[in-house]
Structure formats: structure tokens, C-alpha cells
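So you can see what is in the structure, the chains are spelled out below.
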Amino acid sequence: MIFTKLKNLEQLTTSEQTLVDYILANPNFILKNDPTTISEEAFVSVSTIYRLLNKLNFNGLNDLKVQLARGLNSYKDMSDPIDINYPIIEEDTHYQLMRNLRSVYTETLTDTFNLNSPVLLSQLERVLTNAQTIEIFTSSANIYLAKNFQFQMQEIGRNVLVPIDEYMQRLTAANSTPDHLAIVISFGGRGAIVQEILGNRKIVWKEG
């Protein structure tokens, strides 16, 4: 089958490998387009397309399209699964890098959608609206996420605190009142003082 043949090709240049990866990921696009359009979308030259066709022993692009059409119904994605924690490796081509990042963000959006609901969104809206002050407790790179949220909320007149160091986080938590809302961002509940902060607050709801 053509898909297996493509996967097993050896001694390819970097641009040829990029093209192979693109064909495997987008066979329907190849079927519908000409060499110039394919070269633009796959970020390779037209000459790369014809060099690959020669290595496949095809007379032209139409031969490749015929083989793709024949094998498409039984084709399943044969690419290696992406490690969500390490989606990019040194050996990846530029196209693989783009594809892997797309997969990661698509999976993130899908998980976010599946883990939420209109009811939960309505609850969140009500809690955020009723809170006099919103406090965000997090660390590391998530600080930038929290700061961005703080900026956006302040644009609509909402008071958001983002204490950064542990001392200020403890002090902010200790001075919280019932009309304050605490948002804790962590990975699986990890963090030096996450449990301490959660232990001092009433939990409205907890996800994950």
C-alpha cells in the first residue's frame, strides 16, 4: 500500500521527508490539488515533489493520486502517538513540529470543552460576579497566565490579586474574607502551599 511505502522510504532529504509527512497527514488535500498548491501548503519546492515521485517510481503526480485514492479507504493514521508532555523532539522536521503543536492545542481545546458544561459556566459566572475580590494562587509559568487574566478583568473594573512569592500568597490567603474568591492553578494539586491555601478556604467546587 502507498501509505506503507511512504512510511518506509529511506535516504530522503529534509524537504522530501517534510513532503512525505504532509502527504501522510493530508492525503485528501493531495488528491484535490496541483503541484504548485501542494508545494505552497507543505512548504517545499515543486522540484521536491518530482524528486519524491521519482523515488516512488511514479511517472507523475497523477500516479501518486491514483495510489492514494486506492488506499485511502483502508488507511489509518500510522504516525507515532504524540507525547503530550514532550510534543517536539530534535529529530522532527518543520512540518512535524507544526503538526504536533496543532495536535496538542486541538487536544487541549477538546479536553477543555469536554470537562466543562453550560451549567458549570453559569455557576462560574455567578461566583465571579458576586466576588468583591478575586485572588489567584499559582506559581512558575502559570504566573504569566494569571497576570494576563488580572489585566483582562481589570479592564472591566474587577479587582484581581496575583500574589507571587510564598509569603505574599500566605498573607493574601490569611486576609481573605467570605466575599473574596480564590482561584488556585496547579498541576494535580502540586505546589508548595497549595494544600495550605485550600485548607483555609471554603471550596465552592473542585475539578480534576
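Residues numbered from 1 in each chain as written. Predicted model: local features only at pLDDT ≥ 70, side-chain atom pairs only at ≥ 80, totals over all residues. Heavy atoms only, no water.

So, the overall build of the protein chain
Then, in step 1: Helix and strand counts for the protein chain come out as 11 helices and three strands.
Then, in step 2: Counted from the first residue to the last, the protein chain has its helices and strands arranged as α-α-α-α-α-α-α-α-β-α-β-α-β-α.
Then, in step 3: Per-residue burial over the protein chain gives 33% buried out of 208 residues.
Then, in step 4: Partitioning the intrachain contacts of the protein chain with sequence separation of at least 6 by distance along the chain shows that 64% fall at a separation of at least 24.
Then, in step 5: For the protein chain, the exposed area adds up to about 13900 Å²; of that, 54% sits on carbon and sulfur atoms. (Helix = DSSP H or I, 4+ residues; strand = E, 2+ residues; numbered from the N terminus. Buried < 20%, exposed > 50% of the residue type's maximum accessible area, 1.4 Å probe, protein only. Contact = heavy atoms within 4.5 Å. Areas by Shrake-Rupley, 256 points an atom, 1.4 Å probe, with all protein chains shown as cover.)

Focus: the environment of Tyr-50
Then, in step 1: With respect to the secondary-structure elements, Tyr-50 resides in helix H5 (residues 46–55).
Then, in step 2: In the structure, Tyr-50 is positioned 34 residues away from Glu-16 in sequence and 9.8 Å away in space, judged by C-alpha atoms.

Description of the packing of helix H2 (residues 14–25) against helix H4 (residues 35–42)
Then, in step 1: Where H2 meets H4, the closest approach of the two axes is 10 Å, and the angle between their N-to-C directions is 100°. One finds that H2 runs roughly perpendicular with respect to H4. In this structure, H2 uses Thr-18, Leu-19 and Tyr-22 to contact H4, whose residues at the interface are Ile-38, Glu-41 and Ala-42.
Then, in step 2: Classifying every residue of the contact of H2 with H4 gives four nonpolar, one polar and one charged. (Axes fitted to C-alpha atoms, helices over the stretch in contact; angles between N-to-C directions. Parallel < 35°, antiparallel > 145°, perpendicular 65-115°, else oblique. Nonpolar A, V, L, I, M, F, W, Y, C, P; charged D, E, K, R; others polar.)

What to know about the confidence of the model for the protein chain
Then, in step 1: Taken as a whole, the protein chain shows an average pLDDT of 84; of its residues, 86% reach a score of 70 or greater.
Then, in step 2: No element of the protein chain has a lower mean pLDDT than helix H11 (residues 194–199), which averages 70, and none a higher one than strand E2 (residues 160–161), which averages 96.
Then, in step 3: pLDDT under 50 marks residues 203–208. Its contacts with residues more than four places away, or in other chains, come to eight contacts. (pLDDT = per-residue confidence, 0-100.)

Side note on the pairing of strand E1 (residues 133–137)
Each regular strand shows side chains that alternate between the opposite faces of the sheet.
Then, in step 1: The buried count for E1 comes to five of five residues, which makes it a mostly enclosed element.
Then, in step 2: With burial as the criterion, each face of E1 is covered, one bearing Thr-133, Glu-135 and Phe-137 and the other bearing Ile-134 and Ile-136.
Then, in step 3: Bridge count between E1 and strand E3 (residues 180–184): five bridges; the pairing is parallel. Note that in E3 the partner of Phe-137 across the bridge is Val-184.
Then, in step 4: As paired elements, E1 and E2 share two bridges and run parallel to each other. Residue pairing for E2: Ile-134 is matched across the bridge by Val-160. (Pairing = 2+ DSSP bridges.)

As for the environment of Ile-38
Then, in step 1: On the secondary structure map, Ile-38 appears in helix H4.
Then, in step 2: Distance in space between the C-alpha atoms of Ile-38 and Ile-23 is 9.3 Å, their sequence separation being 15 residues.
Then, in step 3: Setting aside anything within four residues of it in sequence, one finds Ile-38 in contact with Leu-19, Phe-29, Ile-30, Asn-33, Ile-49 and Leu-61.

A word on the packing of aromatic side chains
By convention here, two paired aromatic rings are described through the distance between centres and the angle between planes.
Then, in step 1: Taken as a whole, this structure holds one aromatic pair when the rule is applied.
Then, in step 2: The interplanar angle of 85° and the centroid separation of 5.9 Å between the aromatic rings of Tyr-22 and Phe-29 together place this pair among those described as edge-to-face.
Then, in step 3: The buried category is assigned to Tyr-22, whose relative accessible area is 6%. (Phe/Tyr/Trp six-rings, centres within 6.5 Å; stacked < 30°, edge-to-face > 60°.)

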